[in-house]
Amino acid sequence: MSIYILGIESSCDDTSASVLRDNVLLSNVIASQKVHQKFGGVVPELASRAHQQNIIPVIDTAIKEANIRKNQISAIAFTRGPGLLGSLLVGTSFAKAFALSLGIPLIEVDHLQGHILAHFVQYPNAPQKTPEFPFLCLTVSGGHTQISIVRDYFKMEVVGSTIDDAAGEAFDKSAKILGLPYPGGPLIDKYAKEGNPLAFKFSEAHLPELDFSFSGLKTSFLYFVRDKLKENPSFIEANLPDLCASIQQAIVHSLIEKVLKATHKYQIKTIAVAGGVSANSSLRSSLIKLGETNDLEVFIPSFEFTTDNAAMIAIAGYYKYLLGEFSTQEIRPYTRQKS
Ligand code: KG4
Ligand code: ZN
């Protein structure tokens, strides 16, 4: 008999719901919140209010698109954390109430494990190759940057992480310096396509081992732009593609360098990338190139599974369902990453 999992994601500024039949995607509905654009970042109070408005229509649409009835759902998986407390509370409360009313199990999912497990979602009638354990996963999002050894669905060991900003933050803060709206990562990616990545050089951090640091790079970019604007107030407009391509190159280079180091250190030849920044075209092509030149098998997610989505929560829920790992109605969200 098939298992139907409803996944709910509400950790930051995307409200999403997805239905899987076993590991196969039936629907993945995402409502992104535009309200934050003019503030240059996510405003937590506005995010939780928008989740409250979006959650019922998003879940309703996901169930309708999956072409199932709600009493066919076997269990509800939801993001427990990490994320913004108010945002997480909306998804958690809805998941608890819906599971209670349907009399079905509730499954908590860690957002970062969800990003990684998105690699195991299958499309109907189009079998995808999935990474074999153990593999290395670079998880790069707005809040996290880390390399993990993934030994099994829920056995993941973080072997390197950022000591300050996340890669997504580095993109978003650089975009803000250039006067671009939030989230700036996709815009940097877009303008960079027309620019020269070698036009400008910014100082990258070189931490030992597998940790990352992006705050020095951001400061170097900020001072560079500030000094150039003193000489020429139109400097940004005149050089936008080159500025975007150069800062993107520096961020991507720092990520790739550590991934390669990790493959040598742990002698693991399968690598995957996850999280919002894995939508970046330069990171995607650099990882493919890295794989070709170093004989590595590389897994890049479909675009719809890069930024926050509920399919990744539903697939993690599916594997927990198989293990019988259910939560109680007493469960509460957590805001920071579990160590
Ligand atoms: O995983 P995600 O949707 O949310 C978090 O869990 O944080 O990641 C969002 C981050 C933002 O910082 C956004 O700017 C970045 O992913 N991002 C990108 C691109 N698309 C999204 N960064 C660079 N290039 C992109 N194409
Ligand atoms: Zn995320």
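On a predicted model such as this, the values are computed, not experimentally measured, just so you know.

## Focus: the nonpolar core
1) Next: L138, L178, L243, I251, L255 and L283 are the most contacted members of the largest nonpolar core, which has 45 residues in total.
2) Next: Of all the secondary-structure elements, those providing two or more residues to this core are strand 6 (135-140), strand 7 (145-152), helix 4 (167-177), helix 5 (185-192), helix 6 (215-231), helix 7 (235-266), strand 9 (270-274) and helix 8 (281-294).
3) Next: Residue contributions to this core peak at 14 residues, all from helix 7.
4) Next: The residues contacting L243, other than those within four sequence positions of it, are L178, F200, F221, F224, V225, F235 and I236.
5) Next: Membership of the second largest hydrophobic core comes to 28 residues, among which are L117, F135, A272 and I313.

## What to know about the coordination of the zinc ion (ligand 2)
1) Next: In this structure, H111 (NE2), H115 (NE2) and D308 (OD) serve as the protein donors to the zinc ion (ligand 2), at separations of 2.0 to 2.1 Å.
2) Next: For the zinc ion (ligand 2), all donor residues lie on one chain, and their spacing in sequence is H-x3-H-x192-D. Separated by four residues within a single helix, H111 and H115 lie in helix 3 (residues 111-117), roughly one turn from each other.
3) Next: Classification of H111 as buried rests on a relative accessible area of 6%.
4) Next: On the basis of relative accessible area, H115 is assigned to the buried category, the value being 1%.

## As for empty space enclosed by the protein
1) Next: For the structure shown, the criterion picks out two cavities of 30 Å³ or more.
2) Next: Roughly 60 Å³ of volume is contained in the largest cavity.
3) Next: Along the walls of the largest cavity sit A205, H206, L207, D211, F212, S213, F214, S254, E257 and K258, which together make up its complete lining.
4) Next: For the lining of the largest cavity, the class distribution of residues is four nonpolar, three polar and three charged.
5) Next: There is about 50 Å³ of room inside the second largest cavity.
6) Next: Contributing to the lining of the second largest cavity are L136, C137, L138, I147, V259, A262, I271, A272 and L287.
7) Next: Those elements that place two or more of their residues in the lining of the second largest cavity are strand 6, helix 7 and strand 9.
8) Next: Top element by residues in the lining of the second largest cavity is strand 6. It accounts for three residues.
9) Next: Among the residues forming the lining of the second largest cavity, the class breakdown is nine nonpolar, no polar and no charged.

## Details of the sheet that holds strand 9
1) Next: Read across the sheet, five strands follow the order 8-7-6-9-10 without closing on themselves; strand pairing throughout is mixed. Among the strands making up the open sheet, the edge pair consists of strand 8 (155-161) and strand 10 (297-299). If you compare each strand with its neighbour and ignore which way they point, the axes differ by 25° on average.
2) Next: Of the strand pairs in this sheet, strand 7 and strand 8 are connected by six bridges, and their pairing is antiparallel. The partner of S148 across the bridge, within strand 8, is V158.

What counts and what doesn't
- Residues numbered from 1 in each chain as written.
- Chains lettered and ligands numbered in written order.
- Predicted model: local features only at pLDDT ≥ 70, side-chain atom pairs only at ≥ 80, totals over all residues.
- Heavy atoms only, no water.
- Core = buried A, V, L, I, M, F, W, Y, C linked by side-chain atoms within 4.5 Å.
- Buried < 20%, exposed > 50% of the residue type's maximum accessible area, 1.4 Å probe, protein only.
- Helix = DSSP H or I, 4+ residues; strand = E, 2+ residues; numbered from the N terminus.
- Contact = heavy atoms within 4.5 Å.
- Donors = N, O, S within 2.8 Å, 3.2 Å for Na, K, Ca; no water.
- 1 Å grid on protein atoms, 1.4 Å probe; cavity = no way out; pocket = protein on both sides within 12 Å on 5 of 7 lines; lining within 4 Å.
- Points joined across faces, edges and corners; volume = space filled by probe spheres on them.
- Nonpolar A, V, L, I, M, F, W, Y, C, P; charged D, E, K, R; others polar.
- Pairing = 2+ DSSP bridges.
- Axes fitted to C-alpha atoms, helices over the stretch in contact; angles between N-to-C directions.

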